[in-house]
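If you want the building blocks of each chain, they are given just below.
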Amino acid sequence: MSDETPPPDQAPGAPHPRETRQLFGQAEAESAFLTAYNSERLHHGWLLTGPRGVGKSTLAWRIARFLLATPPAEEDGLFGAPPQPETLDIDEDHPVSHRILAGAEPGLASVTRSENDRGRMRNEIVVEDIRKLGKFFGLSSADGGRRVVIVDSADEMNVSAANALLKMLEEPPARTTLLLVSHQPSRLLPTIRSRCRTLRLSPLGTEDMMTALAQTGAEPPSNPDHLAALAAGSVGSAVRLINLSGLDIYAELIANLGTIPRMDRQRALALAEAAAQRGAAERFELLLTLIDIALSRLALTGATGAPPMPEAAPGEAEVLSRLSASPHMARQWADTAALITARTRHGQAVNLDPAALVLDTVFKIQETAGQSR
C-alpha cells in the first residue's frame, strides 16, 4: 500500500481513529457503554452502527483504550472497590495510550482489509484475517489481562470470515471484548447481530460537526450550514467535501438546475468536463454523490411541500421548490434518481467517458424537470 493511501479504517484527509482524542455528539452511546461496564454486565460483543463518518471507529478505539487502561474491580480488592468511571477518557500520558499510538499494545488487535500477495488491498476481509486472531489470543493470554479486538468494518467480511468470527462470538476467549464497526448491519449474518449488543451512533448537529472538524485540522467553510446539510451529520463526509471542494461543486450543480427549463448547455458541459479531467476520479465520484443528494432533496421537497433546511447551496430552496412543487413530482424525482443510479453504475462498469456520463445525467434531469411545467 502506497504511503499516500490511508489504511482501510481511516478516512482520507482525517487522522486515524486511534489518534482522535475526543468524540463529539455521541454522549448517549458512550453513556450506554459505561452503564453496562459499571453494572458489571459488560457484553463480550458490541456492534457499533450508524452512518459513515459519525465517529464509530473513534468510539471503538476509545472503548479499547478505556478497557485496556482500566483494571477490573476485583484486581483492587485489597483497597476496596474503586470508584466507578464516569467517562471513557484516558490520559494521553497513560502507558496504554502511548502503546496504542505506537501500534504496540499487546492486548489490542485491529482487523481490517489486508493486502494480497501482490501488495494490493483486498476489497473484503478474508478468513485469514480473522484466523490471525488465534495467534493474538495465544500470545496475549499469559498475562491474564483484558484483550480487545476491533473489526473495521465488519460489513466487509466475506462469508468465510464472518463464519470464523461467529465462532469467536459463540465461544469468546476469556476477558475478551470484540468491537464490530458496521455501516450497514443488515449485511451481517443475523447470528452475528444477535450475539452482539448494539450501540447506535447518530448524525452530528452543525455545532458538534464544526467542533469535530477542528479536531481533524480541516479548514472550516464560510457557511457551515451548507456543509452540515450536505454531509448529513457525518464528519467523514464533511472532510471529503472540504478536501474536494464539494460545496463549490454542489453550488454549481444547483446553479445548473436553476437554468431549467432553458438549460445552459455550456455550463452543463463545463461541469461535465471538470469531472473528466485527468486525476479527477475522486471528484467524479463526489459529483455523482452530489447529484444523488440533489435528487433526494428534490423528492423530499415535493413529498413534504417545503425544501429541506438548511439550504446546502445559495438559492437552493427556490430551485427545489420550483422544480418539485407536488407529490407527483416527488415520485418523478425519486424514479429519476433510481434510473440515474443504475445508468451511472452501468456507465462506470463499461468505462464510459465521465464527461459523457455526466452530460447524460444532466439531460435526464432536464427531461424530468420538464414534467413539472
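Our subject is the structure listed above.
What you see is a predicted model, and the numbers here were worked out from it, not measured in a lab.

Conventions and cut-offs
- Residues numbered from 1 in each chain as written.
- Predicted model: local features only at pLDDT ≥ 70, side-chain atom pairs only at ≥ 80, totals over all residues.
- Heavy atoms only, no water.
- Core = buried A, V, L, I, M, F, W, Y, C linked by side-chain atoms within 4.5 Å.
- Buried < 20%, exposed > 50% of the residue type's maximum accessible area, 1.4 Å probe, protein only.
- Helix = DSSP H or I, 4+ residues; strand = E, 2+ residues; numbered from the N terminus.
- Contact = heavy atoms within 4.5 Å.
- Salt bridge = Lys/Arg side-chain N within 4 Å of Asp/Glu carboxyl O.
- Arc of directions from axis to C-beta.
- Axes fitted to C-alpha atoms, helices over the stretch in contact; angles between N-to-C directions.
- Parallel < 35°, antiparallel > 145°, perpendicular 65-115°, else oblique.
- Left-handed = near helix turned anticlockwise from the far one by under 90°.
- Nonpolar A, V, L, I, M, F, W, Y, C, P; charged D, E, K, R; others polar.
- Pairing = 2+ DSSP bridges.

Asker: Describe the nonpolar core, with residues and values.
Answerer: Core analysis: the biggest nonpolar cluster contains 79 residues, and Leu 59, Tyr 250 and Trp 333 have the highest contact counts within it. For this core, the element with the highest residue contribution is helix α12 (residues 281-304), accounting for 10 residues. Those residues in contact with Trp 333, other than ones at most four positions away along the chain, are Leu 295, Leu 298, Ala 299, Leu 323, Ser 324, Ile 365, Thr 368 and Ala 369. Within the second largest apolar cluster, 25 residues are counted, among which are Ala 162, Leu 166, Ile 192 and Cys 196.

Asker: Got a sec to walk through the pattern of salt bridges? Specific residues and values, please.
Answerer: Tallied over the entire structure, the rule returns 10 salt bridges. As a salt-bridge pair, Glu 30 and Arg 62 come within 3.1 Å of each other at their nearest N and O atoms. Here Glu 30 is found in helix α1 (residues 27-38), whereas its partner Arg 62 is found in helix α2 (residues 56-69), with 32 residues between them in sequence. The pair Glu 30 / Arg 62 is uniform in exposure class, with both members buried. The partner of Arg 322 in a salt bridge is Glu 318, with the nearest N and O atoms 3.4 Å apart. Taken together, the residues span about one helical turn, with Arg 322 and Glu 318 both in helix α13 (residues 316-323) at a distance of 4 residues.

Asker: Any chance you could break down helix α7 (residues 206-216) for me, citing the residues and the numbers?
Answerer: In an α-helix there are 3.6 residues to a turn, and that puts residues three or four apart on one side. Buried within α7 we find Met 209, Ala 212, Leu 213 and Thr 216. Buried residues along α7 cover an arc of 105° about the axis, so they all sit on one side. For α7, the exposed residues set more than 90 degrees away from the buried face come down to Glu 207 and Ala 214. Just beyond α7, the residue with positive phi is Gly 217, at close to 90°.

Asker: Go over the packing of helix α14 (residues 327-349) against helix α15 (residues 354-369), please, and point to the residues and values.
Answerer: Contact geometry of α14 with α15 gives a least axis separation of 10 Å together with a crossing angle of 165°. One element, α14, and the other, α15, form an angle in the roughly antiparallel class. Remark: the crossing between α14 and α15 carries right-handed chirality. Where α14 abuts α15, its residues Met 329, Gln 332, Trp 333, Thr 336, Leu 339, Ile 340, Arg 343, Thr 344, Gly 347 and Gln 348 lie against Leu 357, Asp 360, Thr 361, Lys 364, Ile 365, Thr 368 and Ala 369. Broken down by class, the residue content of the contact of α14 with α15 amounts to 7 nonpolar, 7 polar and 3 charged.

Asker: Describe the sheet that holds strand β3 (residues 147-152), naming the residues involved and giving the relevant values.
Answerer: Pairing is parallel across the open sheet formed by 5 strands, whose spatial order is β2-β3-β4-β1-β5. Each edge of the sheet is formed by a strand with only one pairing partner; in this case those strands are β2 (108-111) and β5 (197-200). Pairs of neighbouring strands in the sheet enclose a mean axial angle of 20°, with direction left out of account. Relative to β3, β2 runs parallel, the two being bridged by 4 bridges. The residue of β3 that forms the bridge with Val 111 is Val 151. Across the sheet, α2 is in contact with β1 (45-49), β2, β3, β4 (176-182) and β5; its angle to β4 comes to roughly 170°.

Asker: Kindly report on helix α9 (residues 235-243), identifying the contributing residues and their values.
Answerer: Taken together, the buried positions of α9 are Val 235, Ala 238, Val 239 and Leu 241. Viewed end-on, α9 has its buried residues packed into an arc of 165°, placing them on one side of the element. Those residues of α9 that are buried are in contact with α7, α8 (224-231), α10 (246-258) and α12. Downstream of α9 by one or two residues, Ser 245 has phi in the positive range, about 55°.

Function cannot be inferred from these measures alone, as they are strictly geometric.
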